[in-house]
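Fold and geometry: a report
Here's the letter readout for the chains.
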Amino acid sequence: MAAEKMSLSKAINASLRTALENDPKVLIMGEDVGKLGGVFRVTDGLQKDFGEDRVIDTPLAESGIVGTAIGLALRGYRPVVEIQFDGFVFPAYDQIVTQLAKMHARSLGKVKMPVVIRIPYGGGIGAVEHHSESPEALFAHVAGLKVISPSNASDAYWMLQQAIGSDDPVIYFEPKRRYHDKSEVDTSAIPAPLHAARVARPGTDLTLAAYGPMVKVCLDAAAAAAEEGKSVEVVDLRSMSPIDFDTLQGSVERTGRLVVVHEAPVFLGTGAEIAARITERCFYHLEAPVLRVGGFHAPYPPSRLEDEYLPGLDRVLDAVDRALAY
Amino acid sequence: MAAEKMSLSKAINASLRTALENDPKVLIMGEDVGKLGGVFRVTDGLQKDFGEDRVIDTPLAESGIVGTAIGLALRGYRPVVEIQFDGFVFPAYDQIVTQLAKMHARSLGKVKMPVVIRIPYGGGIGAVEHHSESPEALFAHVAGLKVISPSNASDAYWMLQQAIGSDDPVIYFEPKRRYHDKSEVDTSAIPAPLHAARVARPGTDLTLAAYGPMVKVCLDAAAAAAEEGKSVEVVDLRSMSPIDFDTLQGSVERTGRLVVVHEAPVFLGTGAEIAARITERCFYHLEAPVLRVGGFHAPYPPSRLEDEYLPGLDRVLDAVDRALAY
Amino acid sequence: MESTAARKPRRSGAKRTSAGNAKKKAAGQTDLVQLLTPEGERVEHPEYSIDLTPDELRGLYRDMVLTRRFDAEATTLQRQGELGLWASLLGQEAAQIGSGRALNDSDYVFPTYREHGVAWCRGVDPTNLLGMFRGVNHGGWDPNSNNFHLYTIVIGSQTLHATGYAMGIAKDGADSAVIAYFGDGASSQGDVAESFTFSAVYNAPVVFFCQNNQWAISEPTERQTRVPLYQRAQGFGFPGVRVDGNDVLACLAVTRAALERARTGQGPMLIEAFTYRMGAHTTSDDPTRYRSAEERELWETKDPILRLHTYLTKQGLADEEFFAGLERESDALAKRVRDAVRAMPDPDDLAMFEHTYADGHALVDEERAQFAAYQASFVTAEEGI
Amino acid sequence: MESTAARKPRRSGAKRTSAGNAKKKAAGQTDLVQLLTPEGERVEHPEYSIDLTPDELRGLYRDMVLTRRFDAEATTLQRQGELGLWASLLGQEAAQIGSGRALNDSDYVFPTYREHGVAWCRGVDPTNLLGMFRGVNHGGWDPNSNNFHLYTIVIGSQTLHATGYAMGIAKDGADSAVIAYFGDGASSQGDVAESFTFSAVYNAPVVFFCQNNQWAISEPTERQTRVPLYQRAQGFGFPGVRVDGNDVLACLAVTRAALERARTGQGPMLIEAFTYRMGAHTTSDDPTRYRSAEERELWETKDPILRLHTYLTKQGLADEEFFAGLERESDALAKRVRDAVRAMPDPDDLAMFEHTYADGHALVDEERAQFAAYQASFVTAEEGI
Ligand SMILES: Cc1ncc(C[n+]2csc(CCOP(=O)(O)OP(=O)(O)O)c2C)c(N)n1
Ligand SMILES: Cc1ncc(C[n+]2csc(CCOP(=O)(O)OP(=O)(O)O)c2C)c(N)n1
Ligand SMILES: [Mg+2]
Ligand SMILES: [Mg+2]
């Protein structure tokens, strides 16, 4: 297959299909992933083509889904689990944190846990409570998990391939409000390493770091800043555990300023770790403190307020201006 | 009652007793809290004196414990829930994050959630897996919860009184390896505000910030540093949500250097937020980057390794030296 | 134990569950409590009986009609963009009105997100229910005003709140009961099982009311269980019963008995109301992807409103005037709801900082102030243009 | 439904549950599967039968004696400070050996933290079990070497792993089964209920083996349920049975049948082994705070080893030489375990960074390097003194 333009959700679907074709041990599990194709149609057509034995509609119980996926992994399967929305991963949190993340270490490496947990996350789609959250920090803090999020269709395809190929549990956060964004996917390309950040736009005055849904906002902000004569570099982190601090450090050593953007609440969000570590690594390079733009310390608001809650162009540019003012 | 020297666990027991006496709506709930008095004897004698109706042995189901505590709070009760060990709070995580933390906001303030969740936490007691963890960041990141931890008997007594008196859900982390440490408790004193940090030892060259079990380690480190002619200030944060950044900022503005110490893994631990925010607030005062000493990005190790995993005097002093070397 | 060694292994979960399902359907037919048939005939049941005045019967009919009308209006409002989403109760009116009208004032309700009919019975202003679907709040009503708790979206979690509340009632020595609503899908959640355990162990006065509407979004009930759901209760030590969920009389009778049982210290009970979700799961759903038109048509013949209409008419308990009056009342309700929704203002930007805590929180104060200053910076900028 | 309106409310959960308990005890007595009485008499059961050779009977006896001896040695090692903690199986030998000896090689076991007897049956080197209690690892054995999964401490969570594994067996079309161990306390966990749901819906070949040893630390079984636990299964659509957990023959017979049932595609089954935890919950526990000496004494008369000893002796199936030989074998086992534990080295400091990930992780690499450098800085300093 050559390069093709497709939506981010279509890229995930294609990636799942490839994985199901290539490895009979790959399974898809989740609520409504079968006939319905998932509430976002990400698994559309897969059950029809691969059967109920490989694309499995599960009982409505997230702990059960992850717990049985662990058991299937112990039997040699490679389950790809779908959690229907970000806010519904918490019933499975115990199995993820106390079992999935720790089983490999508990066995001193004898057991592998190739389980991928796909979670559509983030806001901006006008949804009701629990459907717009960004809980990635709650997973990245936990050793034993890898946490990633693509920002575009190509990464969506390739990072999922790599996640399914990994022998570690991977939490794969899907930027649901970018599901329909289209971009080029080359399914025969050689992908970048799974946890490598990518300079999405080069610049010299300041670095914007983001992942998932916020990369587009940052790219837009960089474009707007350029019109005002400010050269803003955008780094797409792609991975929240591990974080590619080397790439980020390289960028900040060049620009001297860093603003981190994510939808998740700022307080103890991934931006906190990035700020702390980059400040330590780049103490003599930073012209300004690392600034953070993110959600507030409040439950994700009703959708009529989400435009205010979510970092948008203006809030990002405000932080850029503040950082440049130092 | 006047001042009395007592152990930290005895102070918690006394505080629970006072609360049960003062307010008939206060309930104690948890596994083995009744006849056994809890696995750490923290609730010793309470069921005998207040009855099975107020000190309630629950089924072995943490989600059930917190979920029914929420219902009891809705009925006007003030449940104080015990989770037996840090690692066993995760089955209740969903109820805590999606319900307990958000019910007040969901009701636009009409409903209050005066629920205290007591969690013995941290390592250093030679225990098996799941019995030595420090998951406080996983709660502090969540809006709607307050997260605190006393470091001594007096705070243990008073902070629990205040937590039970609060109309918000409070996660009360008990430093289990300090349960037997004794200090003065004045049950007729006027306590400090619940979320105020306290300068536990004044100093001029560097600030050490800690809470719970690590305060003692930091005080010991400060004493050792003093012998080498270094004046180290120790701030007992007491509260991880909210964090008293004003007090900390005041300290750092004086000392110019900050090292944060906690048992929890450094990556996305509370130290990350402290480093990020204090760097922003004190950008021109800091002579060195904020350094962090904490657990590693690995499952809490088997107990024979915990002395290496946990921040101890040497690792804290090493960080102090590194910070002073800038 | 039958000897099985000679048999060949059969491994297909699919085959198994459909066998289980067949068994279930058979069992379901025999065990169903019904007092009013789909054809509108009154029948008797050995354990559950009911005797209602014409007024009461017309009242139940009115409740169902108004609830359906309100629900239809909300669906329309969603299509018009006034609501972001709507979860229709179409087809479940009897289950909700029957159980809702069994409640005393001092009883307490823990709903899911679909209990609009129960809310109606509690006297909750229907427009209150629409705020969260419009996106102006996450519920926001005072549960204590009508003893009707906030809608809960995280599947199953409210059953534990209900149980805790019921434990509190028992502690207070009060004479009321709690009813916890949940769905067939929810029955799989660990929280629901834990609520069964807690309520049994503490003998809490709670009635678990499961509306088995046959579907959890796209998944049929066989994906959740291979025996009828009402049987789940027995293994926890309390009774379960399956009632015709499209029969408002049976739902009322069975729920009354269960509540009375709870109020008199006999502990929890599970009611499975066997019904059908006639519409989509929510306005975001497309049921044509996973279920047949025939299935829906079959259930249309069991419509809960239709059968009571037949009964009222045949028995001469309601005349054209009554029905016409109800039609006018429905229109008025729809108009009132429509107007109220359209008038519902967006919340103030700073509202998102309110009510995170009851006692305040320094970080929230700091962020609110920063955000206010940020917002103000724009006003100034605009003013400057 | 009985009329209850006239009754006065009774609100005390305590009264209720003790009533439930009385009922349970009665039910328990009638439903218990037993093949060997406490007095050492062979009895028959209509559904479960067993016919063992003298060798097999002596083998079961030997397993129980060696397991008990190993367990006692571990308790001693804990008192001597060689272990940080020990969870004794004292009293539960029949439940574990009976069920463990029912397994085929290709069956798979998911234990709690107390299944030392089952581990023995699987051929797991007993010293392997001691690493986590000594604090040198968190388990660390290869589950696939003996089809015996790692000990799981988070109560109930392994029942889901067992179910998933069994789903995998079904997918593979394989001819084996899984057994999941858990306790009476664990029965309250949502995960256990979810494992019942999943296994029933997918008809997974898993046997749930609940050792009801009457206590969950300090809580009696009445804090978890008001009806016998084996009844829990029925509401999920599969059979449950209560077996005398101190009768190794009955445990073997019932587990064999359940496993065979699972292997032949008939789905899950729940076995409640009614037994007693003779010792403390763990070496950290003090049971005198919550239960009476009389209770323990009563259960001593039902000792699982004693009754088989009586039977073997009375039937002339074992002589003094056999018992003396077994005594020597026990001593040798104890010595081997003792020596092995004492020789067990502390792990290398840097071991804590190993095995967090299979494929590596940049942060772990960074922290390992930093820590190694930090450690090295001390060596240098000391060398300098
Ligand atoms: C914990 C959780 N997981 C998933 C969802 C998404 N979800 C919303 S409704 C629903 C189906 C619920 O089915 P059922 O319990 O039968 O209730 P019904 O919608 O049919 O009334 C699902 C899966 C959720 N809200 N909460
Ligand atoms: C989720 C969880 N909560 C609490 C504990 C602490 N704990 C360890 S054993 C135990 C009692 C278990 O009782 P039961 O299931 O009957 O097993 P038994 O110990 O009697 O074999 C408890 C509460 C735990 N390990 N995991
Ligand atoms: Mg349903
Ligand atoms: Mg037990």
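Residues numbered from 1 in each chain as written. Chains lettered and ligands numbered in written order. Predicted model: local features only at pLDDT ≥ 70, side-chain atom pairs only at ≥ 80, totals over all residues. Heavy atoms only, no water.

Things to note about the pattern of salt bridges
- Evaluation of the coordinates by the stated rule reveals 96 salt bridges over all chains.
- Taking the shortest distance from any N to any O, the salt bridge between Asp-53 of chain B and Lys-171 of chain C comes out at 3.8 Å. Of this pair, Asp-53 of chain B sits in the loop between helix H2 (46-50) and strand S3 (55-57) while Lys-171 of chain C sits in helix H7 (residues 157-172), on two different chains.
- Lys-171 of chain C sits in the partly exposed class, given a relative accessible area of 21%.
- The salt bridge partner of Glu-366 of chain C is Arg-281 of chain B, with a shortest N-O separation of 3.0 Å. (Salt bridge = Lys/Arg side-chain N within 4 Å of Asp/Glu carboxyl O. Helix = DSSP H or I, 4+ residues; strand = E, 2+ residues; numbered from the N terminus. Buried < 20%, exposed > 50% of the residue type's maximum accessible area, 1.4 Å probe, protein only.)

Focus on the coordination of the magnesium ion (ligand 3)
Residue and element names in this part refer to chain C.
- With distances of 2.1 Å, the protein atoms coordinating the magnesium ion (ligand 3) are Asp-184 (OD), Asn-213 (OD1) and Trp-215 (O).
- Written as a sequence motif, the donor residues of the magnesium ion (ligand 3) are D-x28-N-x1-W. With Asp-184 in the loop between strand S2 (178-183) and helix H8 (190-201) and Trp-215 in strand S4 (residues 215-216), the pair connects residues that are 31 residues apart, well separated along the chain. Neither Asp-184 nor Trp-215 differs from the other in exposure class; each is buried. (Donors = N, O, S within 2.8 Å, 3.2 Å for Na, K, Ca; no water.)

Some remarks on helix H8 (residues 190-201) of chain D
Residues and elements named next belong to chain D.
- For H8, built from 12 residues, the straight-helix expectation of 16 Å at 1.5 Å per residue is met to within 8% by its first-to-last C-alpha distance of 16 Å.
- For H8, a buried count of 12 out of 12 residues is recorded, marking the element as mostly surrounded by other parts of the structure.
- Among the residues trailing H8, Asn-203 stands out with phi positive, at a value near 50°. (Expected span 1.5 Å × (residues − 1).)

Some remarks on unusual backbone geometry
- Here the amide bond leading from Ser-241 of chain A into Pro-242 of chain A is cis, since omega sits at -5°, within 30 degrees of zero.
- By the element assignment, Pro-242 of chain A lies in the loop between strand S12 (239-241) and helix H9 (245-255).
- Its identity as a non-glycine residue notwithstanding, Ile-217 of chain D has a phi of 50°, on the positive side.
- Its location among the elements puts Ile-217 of chain D in the loop between strand S4 (215-216) and strand S5 (219-220).

Thoughts on the coordination of the magnesium ion (ligand 4)
Residue and element names in this part refer to chain D.
- Those protein atoms acting as donors to the magnesium ion (ligand 4) are Asp-184 (OD), Asn-213 (OD1) and Trp-215 (O), and they sit at 2.1 Å.
- Site description for the magnesium ion (ligand 4): donor spacing in sequence, D-x28-N-x1-W. Here Asp-184 is found in the loop between strand S2 (178-183) and H8, whereas its partner Asn-213 is found in the loop between strand S3 (206-212) and S4, with 29 residues between them in sequence. Taken individually, Asp-184 and Asn-213 each receive the classification buried, so the pair is uniform in this respect.

Some details on the sheet that holds strand S6 (residues 240-244) of chain D
Residue and element names in this part refer to chain D.
- The five strands are arranged S1-S2-S3-S7-S6 in an open sheet whose pairing can be described as parallel. If you trace the sheet from one side to the other, it starts and ends with strand S1 (108-110) and S6, each paired once. Strand-to-strand twist of the sheet, defined as the mean angle between neighbouring strand axes without regard to direction, takes the value 20°.
- In terms of strand pairing, S3 meets strand S7 (residues 269-274) through six bridges, oriented parallel. In the strand pairing of S7, Val-207 is matched with Met-269. (Pairing = 2+ DSSP bridges. Axes fitted to C-alpha atoms, helices over the stretch in contact; angles between N-to-C directions.)

A look at the site of ligand 2
- Close contacts around ligand 2 come from 20 residues, with Glu-62 of chain B together with Tyr-113, Arg-114, Asp-184 and Gly-185 of chain D the closest.
- The separation between a nitrogen atom of ligand 2 and a polar main-chain atom of Ile-153 of chain D is 2.8 Å.
- Contacts to ligand 2 include Ala-186 of chain D, whose backbone N or O atom sits 2.9 Å from an oxygen atom.
- Protein contact buries 95% of the 580 Å² of open area that ligand 2 shows by itself.
- Its residues assigned to classes, the shell around ligand 2 comprises 10 nonpolar, six polar and four charged. (Near = heavy atom within 4 Å. Polar contact = N/O pair within 3.5 Å; in protein donor to acceptor, adjacent residues only side chain to side chain. Areas by Shrake-Rupley, 256 points an atom, 1.4 Å probe, with all protein chains shown as cover. Nonpolar A, V, L, I, M, F, W, Y, C, P; charged D, E, K, R; others polar.)

So, the domain arrangement of chain C
- Parsing chain C into structural domains produces domain 1 (5-342) and domain 2 (351-383).
- Put simply, the middle of domain 1 of chain C and the middle of domain 2 of chain C, counted by C-alpha atoms, are 41 Å apart. (Domains from an automatic or database assignment.)

Comments concerning the interface of chain C and chain B
- On the chain B side, the residues contacting the 42 residues of chain C number 46 residues.
- When chain C packs against chain B, the two sides together hide about 3,500 Å² of surface, and 59% of this comes from carbon and sulfur.
- There are five salt bridges connecting chain C and chain B.
- Its salt-bridge partner being Lys-25 of chain B, residue Asp-172 of chain C comes within 3.8 Å of it at the nearest N-O pair.
- At the surface where chain C touches chain B, the tally comes to 27 residue pairs in polar contact (both at pLDDT 80 or more).
- Sorting the residues of the side of chain C that touches chain B by element identifies H7, H8 and helix H13 (362-384) of chain C as the ones contributing at least two each.
- No other element matches H7 of chain C, which puts 11 residues into the side of chain C that touches chain B. (Contact = heavy atoms within 4.5 Å. Buried area = accessible area lost by both parts, 1.4 Å probe.)

Quick look at the side chain of His-138 of chain C
- Assignment of secondary structure puts His-138 of chain C in the loop between helix H5 (126-134) and helix H6 (143-146).
- Residue class for His-138 of chain C comes out buried when judged on its relative accessible area of 10%.
- Within the structure, the side chain of His-138 of chain C is placed 2.8 Å from the backbone oxygen of Tyr-300 of chain A, a separation counted as a polar contact.
- In contact with His-138 of chain C, other than residues within four places in its own chain, are Glu-129, Tyr-300, Pro-301 and Pro-302 of chain A, Arg-106 of chain B together with Met-132 of chain C.

Examining the environment of Gly-144 of chain A
- For Gly-144 of chain A, the location among the structural elements is in the loop between helix H6 (137-140) and strand S6 (146-148).
- Measuring from C-alpha to C-alpha, the distance between Gly-144 of chain A and Glu-4 of chain A comes to 35 Å, with 140 residues separating the pair along the chain.

A short note on the packing of helix H2 (residues 54-79) of chain C against helix H11 (residues 304-314) of chain C
Residue and element names in this part refer to chain C.
- Where H2 contacts H11, the two axes come as close as 10 Å, and the packing angle between them is 145°. The crossing of H2 and H11 is left-handed. Contacts between H2 and H11 pair Leu-57, Arg-58, Leu-60, Tyr-61, Met-64, Val-65 and Arg-68 from the former with Pro-304, Ile-305, Leu-308, His-309, Tyr-311 and Leu-312 from the latter.
- In terms of residue class, the contact of H2 with H11 is made up of 10 nonpolar, one polar and two charged. (Left-handed = near helix turned anticlockwise from the far one by under 90°.)

Side note on the domain arrangement of chain A
All names here are of chain A.
- Taken domain by domain, chain A holds domain 1 (3-186) and domain 2 (198-325).
- For domain 1 versus domain 2, the separation of C-alpha centres amounts to 26 Å.
- Each partner contributes residues to the interface: domain 1 has 28 residues there, and domain 2 has 23 residues.
- Here domain 1 meets domain 2 over a buried area of about 1,900 Å², counting both sides, of which 51% is carbon and sulfur.
- For the domain 1 face of the interface with domain 2, the top three residues by lost area are Glu-136, Arg-177 and Arg-178, together amounting to 23%.
- On the surface where domain 1 and domain 2 come into contact, there are two salt bridges.
- One salt bridge connects Arg-177 with Glu-263, and the closest N-O pair in it is separated by 2.8 Å.
- Scanning the region where domain 1 abuts domain 2 turns up 14 residue pairs in polar contact (both at pLDDT 80 or more).
- When contributions to the side of domain 1 that touches domain 2 are tallied by element, the ones reaching two or more residues are H6, S6, helix H7 (153-165) and strand S7 (170-175).

Focus on the site of ligand 1
- Close to ligand 1 lie 20 residues; Glu-62 of chain A together with Tyr-113, Arg-114, Gly-185 and Trp-215 of chain C are nearest.
- Around ligand 1, the nearby residues trace back to chains A and C.
- Separating an oxygen atom of ligand 1 from a side-chain N or O atom of Arg-114 of chain C is a distance of 2.7 Å.
- Between ligand 1 and Asp-184 of chain C there is a distance of 2.8 Å, counted from an oxygen atom to a side-chain nitrogen or oxygen.

Things to note about the sheet that holds strand S6 (residues 240-244) of chain C
All names here are of chain C.
- An order of S1-S2-S3-S7-S6 is seen for the five strands of this open sheet, with the pairing classed as parallel. The open sheet has two edge strands with one neighbour each: strand S1 (108-110) and S6. Along the sheet, successive strands turn relative to each other by an average axial angle of 20°, direction set aside.
- When S1 meets S2, the two strands line up parallel, connected through three bridges. The residue bridging Phe-110 from the neighbouring strand is Ala-180, located in S2.

Regarding the packing of helix H7 (residues 157-172) of chain D against H8 of chain D
All names here are of chain D.
- Where H7 contacts H8, the two axes come as close as 7 Å, and the packing angle between them is 15°. In terms of axis orientation, H7 runs roughly parallel to H8. The handedness of the crossing between H7 and H8 comes out as left-handed. Each of Ser-157, Thr-159, Leu-160 and Thr-163 in H7 lies in contact with H8, whose residues at this interface are Asp-191, Val-192, Glu-194, Ser-195, Phe-198 and Ser-199.
- Its residues assigned to classes, the contact of H7 with H8 comprises three nonpolar, five polar and two charged. (Parallel < 35°, antiparallel > 145°, perpendicular 65-115°, else oblique.)

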